[in-house]
Structures are given as C-alpha cells and as structure tokens.
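Here's the letter readout for the chains.
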Amino acid sequence: MKILISGFEPFGKMSINPTEKLLSEAEKFLMENVEIETILLPVNYDECAEELIKKIEETQPDVVISCGLAAGRTAITPERIGINIKDTGSGDPYPDNRGNIPTDEAIDEEGPDGLFSTLPNRLIEKNLKELQIPASISNSAGTFICNNTLYAVLNHIHKNNLPIKAGFIHFPASTEMSARNPSLPSLPQNVMTKALKVIVETCVSA
C-alpha cells in the first residue's frame with residue numbers, strides 16, 4: 001500500500017509549522033508492505049492543491065493524508081468535510097504567502113458544495129484516544145488553505161472516479177511554538193509524530 005502524506009510550510013507570523021517536521025519523521029516510518037511518500041506544500045491558495053494533485057498523479061497512492069496546523073486547537077482533529085469556498089475571513093484577515101486575500105470565492109465554480117473525507121475518521125479518533133492522545137473529529141476545516149487543499153483533492157478524486165481514500169488532519173501548535181507564546185495550546189512534536197504513525201496504521205488496517 002502506498003500512502004502520500006502532505007504538510008505545509010510556515011505561514012502568517014509563524015516561523016514554524018509542525019506539519020513540515022512531521023514529513024521528515026514520516027519518511028522514517030517502517031511498516032511492512034507500506035510505502036510512504038511525502039510532499040511539502042506552499043501556503044498559497046489553489047497552488048497548494050495543484051502541487052498535491054500533481055504528486056498524486058505521479059505516485060498513484062492508495063491513501064492521501066493531508067496534514068495542517070490549527071493553532072489554538074487542543075487536539076488532533078480529523079476533518080469531516082471540505083467545502084467549496086475560499087475566504088480568508090473578516091476582522092483581521094491574514095493573506096496566504098503570496099498576499100492573496102480572497103472573499104467568498106468558489107474553489108470550483110461547477111463543483112459540489114461539499115465533499116466528505118473518506119479516511120476512517122472515527123476509528124482514527126478512537127485509536128488516538130486509546131493511546132491518551134487528545135483527538136476529536138472536526139466539522140470545519142475553515143475556509144483558508146487547509147480547506148482549499150482538502151476540497152480540491154477530494155473533488156479531483158470524485159471527478160476522476162479514482163480508487164483513492166483521502167482526507168485532512170489538523171494538528172495543534174507544537175510546544176516549540178508555545179514556548180514563544182505561552183497562551184497557545186500545544187502538543188510535543190514527538191507526540192504528534194506518534195499520532196501520525198497511528199493514523200497511517202489505522203488507514204492501512206481499515
């Protein structure tokens with residue numbers, strides 16, 4: 001079985017993205033009959049998904065596990081659904097790494113409103129909790145780059161009727177990040193690495 005795992009570069013005011021570090025750790029995972037591929041994605045609208053879809057076409061994986069940072073969350077959160085919207089948000093919006101700030105833009109003008117993850121999210125949550133790793137299913141991946149990636153990949157798979165399972169997992173900030181901002185909820189990087197391995201194992205067994 002071939003597993004493709006994606007993570008992101010830092011963005012906004014953050015100089016660290018724990019999902020970037022997860023990729024280098026994932027490449028060390030040793031599992032029988034499992035091949036791990038990884039890709040680091042840019043935090044740019046549409047380009048994030050285009051790069052991942054290109055990698056999917058190159059590697060032909062059985063499962064795609066996209067990983068992203070949700071600073072402020074207290075648990076590892078498998079995302080239930082991607083929605084067909086790009087919207088940086090109101091209030092104090094921050095752009096993608098190219099400076100883009102879209103508002104109410106469809107990812108695909110002809111695409112469905114939403115597409116569900118096909119990863120075994122409930123089993124992932126259960127297996128993580130059994131190891132005392134905080135986890136819960138999330139019903140919103142937001143409307144920024146993570147959702148853009150999730151929806152576009154699911155849409156590509158749906159349009160082309162591909163036999164690929166895919167979804168998105170949000171990770172909290174790392175303790176390295178919270179050392180600079182003590183009010184930020186966090187998990188140690190090694191715990192997140194352990195969690196990612198459990199997620200991969202769960203997808204393989206499922």
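Everything discussed here concerns the structure shown above.
In this convention, every chain numbers its residues from 1, walking through the sequence in written order. Reporting of local features is limited, given that this is a predicted model, to residues whose pLDDT is at least 70; pairs of side-chain atoms are given and counted only at 80 or more, and all residues count toward the totals for whole chains, interfaces and linings. Water and hydrogen atoms play no part in the side-chain values, which are based on all heavy atoms of the structure.

1. Brief notes about the packing of aromatic side chains
Piece 1. The criterion for an aromatic pair is that two Phe, Tyr or Trp rings (for Trp, the six-membered ring) have centres within 6.5 Å, with stacked assigned to planes under 30 degrees apart, edge-to-face to planes over 60 apart and tilted to the rest. Counting across every chain of the model gives 3 aromatic pairs.
Piece 2. Geometrically, the ring pair formed by F11 and F144 is tilted, given 6.1 Å between the ring centres and 50 degrees between the ring planes. Placement of the pair is F11 in the loop between β1 (2–8) and α1 (18–26) and F144 in the loop between α3 (121–130) and α4 (145–159), with a sequence separation of 133 residues. Here F11 matches F144 in class, with each residue buried.
Piece 3. One aromatic cluster in this structure is built from F11, Y45 and F144. To qualify as a helix, a DSSP run of H or I must reach at least 4 residues; to qualify as a strand, a run of E must reach at least 2; elements of each kind are numbered from the N terminus. Here the term buried applies to any residue with accessible area under 20% of the maximum for its type, exposed to any over 50%, and partly exposed to those in between, with areas from a 1.4 Å probe on protein chains only.

2. Concerning α1
Piece 1. Inspection of α1 places P18, T19, L22, L23 and A26 among the buried residues, and these make up the whole buried set. On an axial view of α1, the arc spanned by its buried residues comes to 155 degrees, and they lie on one face. The directions from the helix axis to the C-beta atoms form the arc being described.

3. A word on the sheet that holds strand β2 (residues 35–41)
Piece 1. Between any two strands, at least two bridges found by DSSP are needed for them to pair. The mixed open sheet is built from 5 strands, whose spatial order is β2-β1-β3-β7-β4. In the strand order of this sheet, the two ends are held by β2 and β4 (77–78), each with one partner.
Piece 2. Inspection of the sheet shows β1 paired to β2 by 7 bridges, in the parallel sense. Across the sheet, K2 pairs through a bridge with E35, a residue of β2.
Piece 3. Note on contacts: a residue pair is in contact if any heavy atoms of the two residues lie within 4.5 Å. Axis definition: a line fitted to C-alpha atoms, limited for helices to the stretch in contact. Angles are taken between N-to-C directions and run from 0 to 180 degrees. Docked against the sheet, α1 engages β1, β2, β3 (63–69) and β7 (165–171), running at close to 150 degrees with respect to β1.

4. Describing the nonpolar core
Piece 1. Residues enter a nonpolar core if they are buried and are Ala, Val, Leu, Ile, Met, Phe, Trp, Tyr or Cys, with the set joined through side-chain atoms within 4.5 Å. Counting 33 residues, the largest nonpolar core has F8, L52, I56, V64, I145 and V153 as its most contacted members.
Piece 2. Tallying contributions element by element places α4 first for this core, with 8 residues.
Piece 3. Residues contacting I56, with those up to four places away along its chain left out, are L4, P61, V64, V153 and I164.
Piece 4. Membership of the second largest hydrophobic core comes to 28 residues, among which are L23, I65, I76 and A135.

5. Some remarks on unusual backbone geometry
One can expect most non-glycine residues to show negative phi and most peptide bonds to be in trans.
Piece 1. Backbone geometry at D104 places phi at a positive 55 degrees, although glycine is not the residue there.
Piece 2. Note that D104 resides in the loop between β5 (81–83) and β6 (114–116).
Piece 3. The phi dihedral of N161 falls on the positive side, at around 50 degrees, and the residue is not glycine.
Piece 4. By the secondary structure assignment, N161 is in the loop between α4 and β7.

6. Regarding the state of the cysteines
A covalent bond bridging the sulfur atoms of two cysteines is what the word disulfide describes.
Piece 1. Defined by distance alone, a disulfide is two cysteine sulfur atoms within 2.5 Å. For the structure shown, the criterion picks out 0 disulfides.
Piece 2. The thiol sulfur of C67 is not disulfide-bonded, and the nearest other cysteine sulfur, from C146, lies at 9.8 Å.
Piece 3. Unpaired in this structure, C146 has its nearest cysteine sulfur neighbour in C48, at a distance of 8.4 Å.

7. Observations regarding the side chain of T77
Piece 1. With respect to the helices and strands, T77 occurs in strand β4.
Piece 2. By relative accessible area, T77 is classed as buried at 5%.
Piece 3. Between N or O atoms, a polar contact is any pair within 3.5 Å; within protein, one atom must be a potential hydrogen donor and the other a potential acceptor, and residues adjacent in sequence are included only when both atoms are from side chains. A polar contact of 2.7 Å, which involves the side chain of T77, links it to the side chain of R73.
Piece 4. If near-sequence neighbours (up to four positions away) are discounted, T77 is found in contact with S136, S138, F168, I169 and H170.

8. A closer look at the side chain of N84
Piece 1. Note on placement: N84 falls in the loop between β5 and β6.
Piece 2. Polar contacts involving the side chain of N84 include one to the main-chain carbonyl oxygen of D108, which spans 2.7 Å.
Piece 3. Discounting chain neighbours no more than four positions away, the residues touching N84 are E105, A106, I107, D108, G111, P112, D113 and Y151.

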